Amino acid sequence: MTKNTTLYDANFTAGGLLLNEFQALEPILTQDRVEEALRAERNDNQVVGIKTDGARKRILLEVWRRCQAVPKDFWGHLYECNLREQRLALLYLVLKTYPLVRDLHFDVAVRKQRTSGSMAAFDVTAYLDSVAGRDEDVAQWSQGTLDKLASQYRTVLSDCGLWEHEQLLPASHVSETFKSHYITAGEGWFLEACFLPVS
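Caption draft 1: The arrangement of the side chain of Thr 13 in detail. Residue placement: Thr 13 occurs in the segment before α1 (19-24). Thr 13 has contacts with Thr 145, Lys 148, Leu 149 and Gln 152, leaving out every residue within four places of it along the chain.

See below:
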């Protein structure tokens, strides 16, 4: 068993896509002092509307982590997208922030979509179990944490319209503007993550 240098963590379990939260946080994320405004929101709860302090702090911490994974112009792109595209853009944010989810997505979903076009819930669980078998940090996580990661990941794919009844589906009804944003940014790999051709 080895120590993984990518620093896998289970923080993704805190919230999945966080679509409602990111929509509510638009006035904060499109300003210049994002970190300061998020810190104030943790205490004031004026925008996000999460009633319990613990949940609000946990969610806003993950929002900040995701903010750090993308350039500031990402937010303009996100808020110009339609709802379907926003979900996909938030998947991009997840894949940029959480190396374990990105590895899982490419090693399982993208590979399965290219071959059989289908993915069972067991495929996700088996992959996470295999990571736990070779990574000493992940091996310390409870089975409940691994199960929550698997469940959260499958929910995200479903919410994005990429996985339905065990079938892996290419992203549909996305504009050329949406696709060109990622190509222009040098992030064409994300189109592959959406099971779309990169061209």
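This is not the end of the story, as more comes after the structure.
Caption draft 2: Geometry of the environment of Cys 81. When you line up the elements, Cys 81 lands in the loop between α5 (73-80) and α6 (83-97). According to the relative accessible area criterion, Cys 81 is buried, its value standing at 11%. Cys 81 has contacts with Gln 86 and Phe 178, leaving out every residue within four places of it along the chain.

Caption draft 3: The arrangement of unusual backbone geometry in detail. Despite not being glycine, Leu 18 has its phi angle at roughly 60 degrees, a positive value. Looking at the element boundaries, Leu 18 is found in the segment before α1. Positive phi, close to 55 degrees, is recorded for His 173, a residue that is not glycine.

Reading the values: rules and limits
Residues numbered from 1 in each chain as written. Predicted model: local features only at pLDDT ≥ 70, side-chain atom pairs only at ≥ 80, totals over all residues. Heavy atoms only, no water. Helix = DSSP H or I, 4+ residues; strand = E, 2+ residues; numbered from the N terminus. Contact = heavy atoms within 4.5 Å. Buried < 20%, exposed > 50% of the residue type's maximum accessible area, 1.4 Å probe, protein only.

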